[in-house]
Amino acid sequence: MYKRTSLRSTLTIAALSMLVACSHNHEHPGKAPETADKKPTNRLAVPPEVVANLGITFEQATRGKVGAWISVPGELYVPGTHRWNLRAPARGRLTAVALRWKTVEAGEVIAELMSPKLRQAQQDLFAAHSLQAHAKEELEAAHARLAEGEAQLQAARELASASLERLEHLRKLNKGTNTFVAKELLESQRQHAEAGRAALEAAVQRDALREAVRGKDLLRTQARLRVDGHMDAFSILSGRTRKELLTGQEGSEAWKTLESIIVRAPAGGTVVDVPVSRGETVDEDDPLALILDPSELRFRGWLPEGDLRSLRSDATVRVELPGGIAPIATRLLGPMPVADSATRRVQVEAAVPNPGKTLPQGLSATARIRVKESAGEEVLLPEDCVVTDGLEMIVFRRDPGDAGFVIRTPVELGLRGAGNVEVLSGVLAGDLVVQKGIYQLKRTGLGKPPKGGHFHFDGTWHPKH
């Protein structure tokens, strides 16, 4: 296989050489072949078949800053905010459970089980409803007695008022020293005193009835709260919402006829672990399923404690992944307040967006954390776009006027960092340069300026004066 690949590369390079040579060695009218003009050029023809055979790829030059970076090996994991470990709400027998690797939506049933605790919860709720109904009846009766007490008090007050009027009338008549009137006056005074005492007793009784109403109202409120509490507990246990439990006509609500407990997915994700099987008896709090939502991952790594001073929160991070996956730009969340006393390392983390959910938990990764950066912006290229040719550092820049050609271009380099290098001259931001295939183009030996001259930026060759 290696020999076959080498042979194909050699033939492709030879073909590339012939393409360039043919463009300059054809016969010209009126000239002998051996005297034909051979102008030097730094332009190499790269037609589509050559690009395909050599596997040539292009990278665009950008503008930015190069800094000092440190590398931290680590892995990707799903944070706790996107991880749900579902457990059995009660002891019972499983009648259904979701399959591993199933993608589920929020609210979807993951497991179902039969449990005697459900019956006990129904009995408790029945008792709470009965107590509430009894408290309601007693409150209504207390209000009726209070209304009667108010009516009696009003009648007693009216009687006391009437007896007072009669007493005042008799007092006026008694000024004539009538013996008969004097006897009536004494009787009226007695009646008025009895009416006043009856009014006072009615008022005391009315106040006692008011206090009884307040007590019954408190008991009814407590009974209602007890029903709400039992309903909430029943909802959590059964896996149904209050609305679902109260569906149906009064007296035949759904909660009275439930036969099983269900466990729902709290959010969308993938069931990655199911340690139980259908028909198995589980205890309360036993694990049933693990759901992960990998739409957001975290990079987690450790670095020597000596590098702690160079880190800062919100530093720029490039997370590099295996398999040719494009690096992910993010920010440092740490350093975390966690250190390993045995290895003397400090934990660092960074959020890694994963909207397509293509990156799995546990994938190895390397985070490059920027700890310094250059003062000004320069043209930047990936380091593997630049190759050494003799004493020169060169790139093969795509001809902006003809995509079928690349131009061998010497460059002057500056700082390096995180796989990028500053290009101080020779390439402008936005230029496309060869990345993969650069060594094959270099091996052709084409595009070098002949001795005694140099190429200008436009590709023309000029001899030294």
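Described below are features of the structure shown in this document. (Residues numbered from 1 in each chain as written. Predicted model: local features only at pLDDT ≥ 70, side-chain atom pairs only at ≥ 80, totals over all residues. Heavy atoms only, no water.)

## Things to note about the overall build of the chain
At step 1: Each helix and strand counted, the chain has six helices and 27 strands in total.
At step 2: Expressed as a percentage of the 465 residues in the chain, the buried residues total 35%.
At step 3: Counted over contacts in the chain with a minimum sequence separation of 6, partners at least 24 positions apart contribute 72%.
At step 4: Working note: accessible area of the chain is about 27100 Å², and carbon and sulfur atoms make up 54% of it. (Helix = DSSP H or I, 4+ residues; strand = E, 2+ residues; numbered from the N terminus. Buried < 20%, exposed > 50% of the residue type's maximum accessible area, 1.4 Å probe, protein only. Contact = heavy atoms within 4.5 Å. Areas by Shrake-Rupley, 256 points an atom, 1.4 Å probe, with all protein chains shown as cover.)

## Some points on the pattern of salt bridges
At step 1: Under the defined criterion, the tally for this structure stands at 26 salt bridges.
At step 2: Glutamate 187 serves as the salt-bridge partner of arginine 190, at 2.1 Å between the closest nitrogen and oxygen. Of the two residues, arginine 190 and glutamate 187 are both situated in helix α4 (residues 179-238); the distance of three residues between them amounts to about one turn of the helix.
At step 3: Judged by its relative accessible area of 39%, arginine 190 falls in the partly exposed class.
At step 4: Ionic contacts of the salt-bridge type, sharing partners, join the residues Glu150, Arg206, Asp207 and Arg210 into one network. (Salt bridge = Lys/Arg side-chain N within 4 Å of Asp/Glu carboxyl O.)

## Remarks on the sheet that holds strand β9 (residues 261-264)
Strand pairing within a sheet occurs via backbone hydrogen bonds; the two strands may be parallel or antiparallel.
At step 1: Read from one edge to the other, the open sheet built from four strands follows the order β9-β8-β6-β11, with strand pairing classed as antiparallel. Every interior strand has two partners, whereas the edge strands, β9 and β11 (281-282), have only one.
At step 2: Direction of pairing for strand β6 (residues 92-97) relative to β11: antiparallel, over a ladder of two bridges. Opposite glycine 92, over in β11, you have valine 282 as the bridge partner. (Pairing = 2+ DSSP bridges.)

## Re the side chain of aspartate 293
At step 1: For aspartate 293, the location among the structural elements is in the loop between β12 (287-292) and β13 (296-304).
At step 2: Polar contacts involving the side chain of aspartate 293 include one to the side chain of serine 295, which spans 3.1 Å.
At step 3: Setting aside residues no more than four positions away along its own chain, aspartate 293 makes contact with Val78, His82, Trp84, Gly268, Gly269 and Lys357. (Polar contact = N/O pair within 3.5 Å; in protein donor to acceptor, adjacent residues only side chain to side chain.)

## Some words on the sheet that holds β12
At step 1: Taken in spatial order, the four strands line up as β5-β12-β10-β7 in an open sheet, and their pairing is antiparallel. The two strands at the open ends of the sheet, each matched to only one other strand, are β5 (83-87) and β7 (103-104).
At step 2: With two bridges joining them, β7 and strand β10 (residues 269-273) adopt antiparallel strand pairing. Opposite valine 104, over in β10, you have glycine 269 as the bridge partner.

## Observations regarding the side chain of threonine 444
At step 1: The residue threonine 444 is located in the loop between α6 (438-443) and β26 (453-455) in this model.
At step 2: In terms of polar contacts, threonine 444 uses its side chain to reach the backbone carbonyl oxygen of leucine 441, at 2.6 Å.

## With respect to the environment of alanine 212
At step 1: Inspection of the secondary structure puts alanine 212 in helix α4.
At step 2: Classification of alanine 212 as partly exposed rests on a relative accessible area of 34%.
At step 3: Taking the C-alpha atoms as reference points, alanine 212 and histidine 143, 69 residues apart in sequence, are found 8.9 Å from one another.

## Looking at the pairing of strand β23 (residues 412-417)
At step 1: Both β23 and strand β24 (residues 420-425) contribute to a ladder of four bridges, which runs antiparallel. For leucine 413, the partnering residue across the bridge sits in β24 and is valine 423.
At step 2: Linkage of β23 to β24, two consecutive antiparallel strands, is achieved through a turn of two residues, within which alanine 418 is found at a positive phi near 55°.

## So, the nonpolar core
At step 1: By size, the foremost hydrophobic cluster in this structure holds 29 residues, and its most contacted members are Leu94, Ile110, Phe234, Val282, Leu288 and Ile291.
At step 2: Mapped onto this core, the elements with two or more residues apiece are β5, β8 (109-114), α3 (116-173), α4, β9 and β12.
At step 3: One finds Leu292, Phe299, Leu303 and Ala367 within the second-largest nonpolar core, a separate group that totals 26 residues. (Core = buried A, V, L, I, M, F, W, Y, C linked by side-chain atoms within 4.5 Å.)

## Focus on the packing of aromatic side chains
Centre distance and the angle of the planes are the two values used to describe a pair of aromatic rings.
At step 1: Summed over the entire model, instances satisfying the criterion amount to two aromatic pairs.
At step 2: Their ring planes at 55° and their centres at 4.8 Å tell us that phenylalanine 126 and tryptophan 255 sit as a pair that is tilted. In this pair, phenylalanine 126 sits in helix α3 while tryptophan 255 sits in the loop between α5 (242-245) and β9, placing the two residues 129 residues apart along the sequence.
At step 3: Overall, tryptophan 255 belongs to the buried group, its relative accessible area being 1%.
At step 4: Judged by centre distance (6.3 Å) and plane angle (75°), the ring pair of phenylalanine 234 and tryptophan 255 falls under edge-to-face. Of the two residues, phenylalanine 234 sits in helix α4 while tryptophan 255 sits in the loop between α5 and β9, which places them 21 residues apart along the sequence.
At step 5: Judged by its relative accessible area of 1%, phenylalanine 234 is buried.
At step 6: Through a chain of ring-to-ring contacts, three or more aromatic side chains come together here, namely Phe126, Phe234 and Trp255.
At step 7: Geometry around phenylalanine 405 places arginine 43 over its ring, the cationic atom sitting 4.1 Å from the centre. (Phe/Tyr/Trp six-rings, centres within 6.5 Å; stacked < 30°, edge-to-face > 60°. Lys NZ or Arg CZ within 6 Å of the ring centre and 35° of its normal.)

Interpretation note: all reported values are geometric properties and have no functional meaning in isolation.
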